[in-house]
Amino acid sequence: MASEEQISAIKRAKVLMVGAGGIGCELLKTLALSGFQDIHIIDMDTIEVSNLNRQFLFRQSHVGQSKAKVARDAVLRFRPKISITPYHANVKESRFNVDFFKEFDVVLNGLDNLDARRHVNRLCLAADVPLVESGTTGFLGQVTVHLKGKTECYECQPKPAPKTYPVCTITSTPSKFIHCIVWAKDLLFAKLFGDKNQENDLNVRSSDTGNSSEHSADVFEYRKDEDIEQYGRRIYDHVFGHNIEVALSNEETWKNRNKPRPIYSKDVLPVKMTEKNGDTEKDCATGDVSVMAFLSLKNPQDIWSLAENSRVFLEALRLFFSKRLKDIGNLTFDKDDQLAVEFVTAAANIRASSFGIPLHSLFEAKGIAGNIVHAVATTNAIIAGLIVIEAIKVLKKDNNNYRMTYCLEHPSRKLLLMPVEPYEPNKSCYVCSETPLSLEVNTHHSKLRDFVEKIVKGKLGMNFPVIMQGASILYEVGEDLEEDMVAIYAANLEKAFSELPSSVISGTVLTVEDLQQEFSCSINIKHREEFDEEKEPDGMVLCGWVEAPVDKDNNKPIGNGESTSNALPSEEKDVEIQEMSGGTETVTGKKRKLSEVDESKKQKKPEKLDVDDEDDELVISDDWESLAKKNRV
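Residues numbered from 1 in each chain as written. Predicted model: local features only at pLDDT ≥ 70, side-chain atom pairs only at ≥ 80, totals over all residues. Heavy atoms only, no water.

Asker: Looking at this structure, how should I read the sheet that holds strand 2 (residues 38-42)?
Answerer: Backbone hydrogen bonds hold the strands of a sheet together, and the pairing may be parallel or antiparallel. On the basis of which strands lie adjacent, the open sheet formed by 8 strands has the order 3-2-1-4-5-6-7-8 and mixed pairing. Every other strand in the sheet has two partners, leaving strand 3 (83-87) and strand 8 (415-420) as the edge strands with one partner each. Neighbour to neighbour, the strand axes of the sheet diverge by 20° on average, direction disregarded. Bridge analysis of strand 2 against strand 3 gives 5 bridges, and the strand direction is parallel. (Pairing = 2+ DSSP bridges. Helix = DSSP H or I, 4+ residues; strand = E, 2+ residues; numbered from the N terminus. Axes fitted to C-alpha atoms, helices over the stretch in contact; angles between N-to-C directions.)

Asker: Sorry if this is basic, but what is going on with the sheet that holds strand 10 (residues 465-469) here?
Answerer: In spatial order, the strands read 11-10-12-13-9-14; together these 6 strands make up an open sheet with mixed pairing. Looking along the sheet, the strands with just one partner apiece sit at the ends: strand 11 (472-476) and strand 14 (540-543). Going from strand to strand, the sheet's axes swing by 25° on average, the running direction of each strand aside. Of the strand pairs in this sheet, strand 9 (residues 437-441) and strand 14 are connected by 4 bridges, and their pairing is antiparallel.

Asker: How should a negative patch on the surface be read in this particular structure?
Answerer: Judged by side-chain charge, Glu479, Asp480, Glu482, Glu483 and Asp484 come together as a negatively charged surface patch. Inspection of the secondary structure puts Asp484 in helix 18 (residues 483-493). (Patch = residues over 30% accessible without salt bridge, like charges linked within 9 Å, V, L, I, M, F, W, Y side chains within 5 Å. Areas by Shrake-Rupley, 256 points an atom, 1.4 Å probe, with all protein chains shown as cover. Salt bridge = Lys/Arg side-chain N within 4 Å of Asp/Glu carboxyl O. Lys, Arg positive; Asp, Glu negative; His and termini not counted. Charge placed at Lys NZ, Arg CZ, Asp CG, Glu CD.)

Asker: Even after reading the chapter, I still don't get the packing of helix 9 (residues 228-248) against helix 13 (residues 306-323), so can you show me in this structure?
Answerer: Geometrically, a packed helix pair is captured by the angle between its two axes and the distance between the axes. Relative to each other, helix 9 and helix 13 sit at 130°, their axes nearing to 9 Å. Classified by the angle between their axes, helix 9 and helix 13 sit oblique to one another. For the pair helix 9 and helix 13, the crossing hand works out as right-handed. Where helix 9 abuts helix 13, its residues Ile228, Tyr231, Gly232, Arg233, Ile235, Tyr236 and Phe240 lie against Leu306, Ser310, Phe313, Leu314, Leu317, Arg318, Phe321 and Ser322. (Parallel < 35°, antiparallel > 145°, perpendicular 65-115°, else oblique. Left-handed = near helix turned anticlockwise from the far one by under 90°. Contact = heavy atoms within 4.5 Å.)

Here's what the structure looks like:
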């Protein structure tokens, strides 16, 4: 039974949830059933058909509607007296600033991407509001607690960039070529050539995508005696034309995104292709079928035009049905299957063209890997329950009982849930401890634009940066800037460091701020003449900031990517964990649990420091801190 103190803390708490996807749905339900009375939810996504098998607050009739708003309505049906305020918006919008975050007693994250997580972490630090972070991938999950000056912040441990993506991004709002590759490989290719009984998130019927009678039947079904090119054009027009038009009809989705353009085959290839370029039966040997050979596309490193991609798409589809008909229904994508690679490359490029994403060569497309690991609803439910448990501890200020809890796929010492005491802040963390960074760069050749894109935004995760040398502003982003200042800052981007109005040379100290995040850091500039193009492709090296260490044997990050249970703590819950040394900038040695830190020696609270999808429906490249730590013997 909950104590009176606990019930009182829950009832008067004002809670902010960020994300209403897989974890978010379970979390909102659990909060409501636990007695919370005032809940606010931020999520920018709309509901997809693919969400319905694991996000149980949503139904078929909700497809296309705001996740935050529908989740609110669903919960109010069984808890009508509580207050739930939804925001169909991006958490990185300017209205969600530090003052907004200060209104809450605790922030609960159910996000699916590193960028938004870092943004929320910094706002919580600036507002001095406790953050409960979470993530799942398959059967694995974790919940961590972050309090300013008391525990490590979300960025105290290195995080690699996400390498996997949520279904809603893949199916509806791709912004990178990898999104198009995953769509072409795991959805379209699987739908056309794979197991027909296998569930597929690709919308194929009018009930999923629209009400046009032309699309009332399964457009992917090949009709007996149907002309193969006619079939191919029907597929082409449906996925690249009709589906895009249906997506555009949901205006809410495109308020803050660039709209895609529908592409129809007649606009790209008005002439019928059959026998136009020769006879594939003569040019291609069975088992070694290649569209490139037939269309005389000899160099796999060339980037095909939209017309060439369209020809490859239609011809590859024709070859599958004419020369490999017996394989259809049993195929899975294989990077060594030339025809499969050609089809996926062409499909990905056509989709990329529709969404304004740069096209890639077959060589590049073949090298892009992205395996989807589907979310498990049970894991989301477990993690949501653990989030609420930690949130209640935070509200009661039960500092001695906070736990980072890991959900394992296989038992470790008969445990599937592994609780570990939180750790004190990392004194080398540039976010919460304000440790200065240093940048090695050729100040004569490197441009300010490279610094902004590769370092300030790419590595430091700032969205609205201001770059200063002393009192002189070199670059600034903001909606209220005068036109002449915008022009000056745009001109500065194209200048080398040493050519800037306030020359940046070796020994210069730059201050970089994000006013929205109220986050600031200092960067010491060190001139360096040459860089190894292979090992240092950015042409600049940021020191004091580290990515997750890499497993050299497997060439994959050890840190926040896919987690395995044998990398998690295997001792009892009082096990101590050490950092894994992973580079010259990583601070190694024993990390202290909060219970081990003497009050008189606790790190001084740092001064006030200065997201895309909030959905975790498919894969979350999460905060697997345990992978960057080792058990102490």
